[in-house]
Each structure stands twice: as C-alpha cells, then as structure tokens.
Amino acid sequence: MMSTTLRFGPELRRLRVEAGLTLTEFSVALNYDKGHISKVERGERSASPELARRCDAFLGADGELQRLVTRPETDSDSGTAESPAGPNRWLVGRRAVLSAGTGALIDLGLKLGSQALSSADDPLLPSFRMQFDQLRKLGQSTAPKVLLPLLETQTRMIAGLAADARSVSRAPALLLASRFAEFTGWMAQEAGDSDAALGWTGEAAELARAGGDPYLGSYALVRRALVTMYGGDAAGTVALARRAQSSELPPRIRGLAAQREAQGHALVGNEVDCLRSLDRARELLASDEARNGADPVIGTSHVSDPAAMSTGWCLHDLGRPKVAAEVLDREYRRLPPHALRTRARYGFRRSLAHAASGEVEHACAIAGDLLGVMPAVPSATVNSDVRRLARELSRFRSSRAVRDLQPALARVLAPAHG
C-alpha cells in the first residue's frame, strides 16, 4: 500500500487539475510557495496538516486530503477518552464525600443551589463562594502554578467542611467544592499537567454527584474532550463530546459539548458535521435556560458568545483562514480587557488566521502585543497555537516583521528552567 505522503501528492494534483487551476494560480490562492506545492505534488515533500486543511477547503475535498495526513475519525472512544480519572494523589474529597452521606444528599438536589450558600446555617460558605469568583478572575492574570497550591488547599478545605457540616449545608458545600475542583483541573491543564487535569475533573464530578448535581459529571466529559483536542485526538474529542449531549442534560452543558464536538470534527476537516454541531451549539447556548442557569456559570465566563468564537476557531482548522479572521476579529473586540488569559487564547488564534491569510504584518502586530503578556499568564494550551503560529510565520522569513518577532516567540516557547 502506498504511503500517505506518496498518495497525497498525486491526489492533490488530480483535484487541482480537475478544478482547472494552474500550479501558479493554486499557490497564490493558498499563500504558499509554488516550488513547495510542486514538491508536495511530486511526493518529494510531506504536506503539513495546515497545508492539507487549506488545500482541502479550497478544493472542496470534504476532508479527504486531510485524512491522508492525519488519523481517520471514528465513532469509537480512544484510549485517552476512557482513561480513569487519574492517580490517587488527586482524589482529595473521597472520604469527605462518603462521610457526608451521599444517598441523603441526592434528595436535596440542586434546589438548595446558590441560595443555600448565603444561608446563616454556615457563614463560611458565602466567603468561600466569593473567594471562588475572585480566584477565577485572578486566573485570568496569574500563572497557573502560582494558583494551584491555593486551589488544591481550598478544595480540600471545603470538602472537609462538607463532611462536618449540618445536613442542610452539606449539599451546597459539596457543590462549591466540586466547582473548586473543576477549576483546579483547568489550571492544571494550563500548567501542562494533563493527568492532574483529568484527576481533578473526575474528583469534581464525584463531589457534585454527592452534592445532588448529577450533571457536572457530563460537563467533565466536555473538559476531558478539551484534553484530547489539544492532544490532537479528533476521534476521542468527538466521542467524549457526544456522550455529553443527551436530552436530559441542561442546555448549557449540551451546548458546550456540541461546541467541543465541532472542534473535533474541524481537526480532521469534516466540515459538514462541524457546521452542524456549531448550529446545535448556537441554538442551545442562546436559549433562556442556558443563559439563566446555574451560578457560577459552567465553562468560560468571559466569552459573551462561545458558539460564535468557536465558529471562528473551527473555520481556521477547516482551512478557511480569511473568514476565520473576520469572525475572530469581531468576537475578540467583545472580550473584557482584564481577561488576559482568554485574550491570549483567542488573540493568538486570530494572529494565526491572519498569517494563514497572507496578512503577515498584521499577524505579527497582533502576536507582538500578546507575547508581552504571556510571562504573566503562561499557558500550555495557548502555547500550542503559538507553536503553530511560529511554523506558519517561518514560511515568510524574508519579512522584516517576522524577523523582528522571532526573539519574542522563541522566549515564550523556550522550556522553563529552574
């Protein structure tokens, strides 16, 4: 059987010729060097995933070219998707959960909700609730490794508080502990520790179940799908996201899951299923129930229209960088100024889309502003797009803007010492 490199080149040439395009016209349309495209078609050079995406989108190949350079998407769960919650060292609240009496707590359900947190039955809970909001906001401007010890301690403390609390206060304490654990998992992922991220996310789901919330476990699937997405596992991302979209779940969780499924489809160029998932996410997240749901809000609290922002994200992965840049530019302007981590995440995706569109100087200007912020809010997930940007810009080494940006790019991507 021919290797994918040898198969890709002839298939690309066949589709280009069928489209009536000369090599010059095709290379100009893609913003790629004509000689490089020629070598790819002859099998002398491998096609990068970025080039495959762009060729696929421009020629309307519906993911066929991408599938020649990436693993095919399947409906089965990957090994990552089915991995356990993580090592025992991350299980911080299990004894507290068991001693709190899970069966009785389920009956209390979510009726206690956030109102119970302000109850005089336990005056500590409102303080912890305010602290959660403050830490979440601080996470936008602070290195995750700085926050993690405090988040771990607070999660343990609130889980322990639940074990000793009177019955009426146990459920809200456990629900709050679950939100601390979920945020701890996110910060662990930002720090580059995927195992810890999965462990804390699993713990969050367990604490939530004990507190009467049967739904956070499904959101944990969305969080796990984020880990697989950044790991490049499209099949695992889609499989996990689909499991979090059953009809009995709240619209907010189903909408975020549909959004994540779309991102998984985009990784392998499945445009039809990607756009269908985005439509579903948009409808669910715009519903009144999703907008007026649980407090604190599940998922991002700084992106006003997550479905729109994800559309821009997906369009780039689908090989449509110019449209992606337009969407991301519009949505980026709506981000709050203090949300540095969120601005970095979508700002670098913006820069990447502009670079892929051939707007190299504009891409460098966007990235230059963001690179100065990265030491304050280092992020393993954002760095994945910074690396992609560096590879994209490496095609334009003759550009002065690119040369000027290289030292700052290298500093952000250099491994930490000490």
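Shown above is the structure to which this text applies.
Report on the accompanying structure. (Residues numbered from 1 in each chain as written. Predicted model: local features only at pLDDT ≥ 70, side-chain atom pairs only at ≥ 80, totals over all residues. Heavy atoms only, no water.)

Okay, the overall build of the protein next. What the protein contains, in helices and strands, is 23 helices and 0 strands. For the protein, the proportion of its 418 residues judged to be buried stands at 55%. A separation of at least 24 residues holds for 72% of the contacts in the protein among residues at least 6 apart in sequence. Here the protein has roughly 18,300 Å² of accessible surface; of this, 53% comes from carbon and sulfur atoms. (Helix = DSSP H or I, 4+ residues; strand = E, 2+ residues; numbered from the N terminus. Buried < 20%, exposed > 50% of the residue type's maximum accessible area, 1.4 Å probe, protein only. Contact = heavy atoms within 4.5 Å. Areas by Shrake-Rupley, 256 points an atom, 1.4 Å probe, with all protein chains shown as cover.)

Remark: helix H15 (residues 251-267) packs on helix H16 (residues 271-285), axes separated minimally by 8 Å, with the N-to-C direction vectors making an angle of 160°. Compared by their axis directions, H15 and H16 come out roughly antiparallel. Viewed along their axes, H15 and H16 form a crossing whose handedness is left-handed. Contacts between H15 and H16 involve Pro 251, Arg 252, Arg 254, Gly 255, Leu 256, Ala 258, Gln 259, Glu 261, Ala 262, His 265 and Ala 266 from the former and Asp 273, Cys 274, Ser 277, Leu 278, Arg 280, Ala 281, Leu 284 and Leu 285 from the latter. Classifying every residue of the contact of H15 with H16 gives 10 nonpolar, 4 polar and 5 charged. (Axes fitted to C-alpha atoms, helices over the stretch in contact; angles between N-to-C directions. Parallel < 35°, antiparallel > 145°, perpendicular 65-115°, else oblique. Left-handed = near helix turned anticlockwise from the far one by under 90°. Nonpolar A, V, L, I, M, F, W, Y, C, P; charged D, E, K, R; others polar.)

A few words on the pattern of salt bridges. According to the stated counting rule, one finds 27 salt bridges in the structure shown. With its nearest N and O atoms 3.1 Å apart, the salt bridge here joins Arg 349 to Asp 385. One end of the pair, Arg 349, is in helix H20 (residues 340-356); the other, Asp 385, is in helix H22 (residues 380-393), and 36 residues separate them in sequence. In this structure, Arg 349 and Asp 385 share a single accessibility class: buried. One salt bridge in this structure joins Arg 388 and Asp 385, with 4.0 Å as the shortest N-O distance. (Salt bridge = Lys/Arg side-chain N within 4 Å of Asp/Glu carboxyl O.)

With that out of the way, let us pick up the state of the cysteines. A covalent bond bridging the sulfur atoms of two cysteines is what the word disulfide describes. Using the criterion set out here, one finds 0 disulfides in the structure. Looking at Cys 274, it has no disulfide partner, and the nearest cysteine sulfur is the one in Cys 314, 3.9 Å off. With a relative accessible area of 0%, Cys 274 lands in the buried category. (Disulfide = S-S within 2.5 Å.)

Quick look at H22 now. For H22, built from 14 residues, the straight-helix expectation of 20 Å at 1.5 Å per residue is met to within 8% by its first-to-last C-alpha distance of 20 Å. Counting buried residues along H22, 11 of its 14 residues qualify, which places the element largely inside the surrounding structure. Among all positions of H22, only Thr 381, Val 382, Asn 383, Ser 384, Asp 385, Val 386, Arg 388, Leu 389, Ala 390, Glu 392 and Leu 393 are buried. (Expected span 1.5 Å × (residues − 1).)

Our next topic: the packing of aromatic side chains. For the structure on display, the rule yields 4 aromatic pairs. Measuring from ring centre to ring centre gives 6.0 Å for Phe 26 and Phe 58, while their planes differ by 50°; the resulting arrangement is tilted. Separated by 32 residues along the polypeptide, Phe 26 in helix H2 (residues 23-30) and Phe 58 in helix H4 (residues 49-59) bring together distant segments of the chain. Among the aromatic residues, those joined into a ring-pair cluster are Phe 132, Phe 180 and Phe 183. The ring of Trp 313 carries the charged tip of Arg 349 above its face, separated from the ring centre by 3.9 Å. Residue placement shows Arg 350 over the ring face of Tyr 332; its charged tip is 4.7 Å from the ring centre. (Phe/Tyr/Trp six-rings, centres within 6.5 Å; stacked < 30°, edge-to-face > 60°. Lys NZ or Arg CZ within 6 Å of the ring centre and 35° of its normal.)

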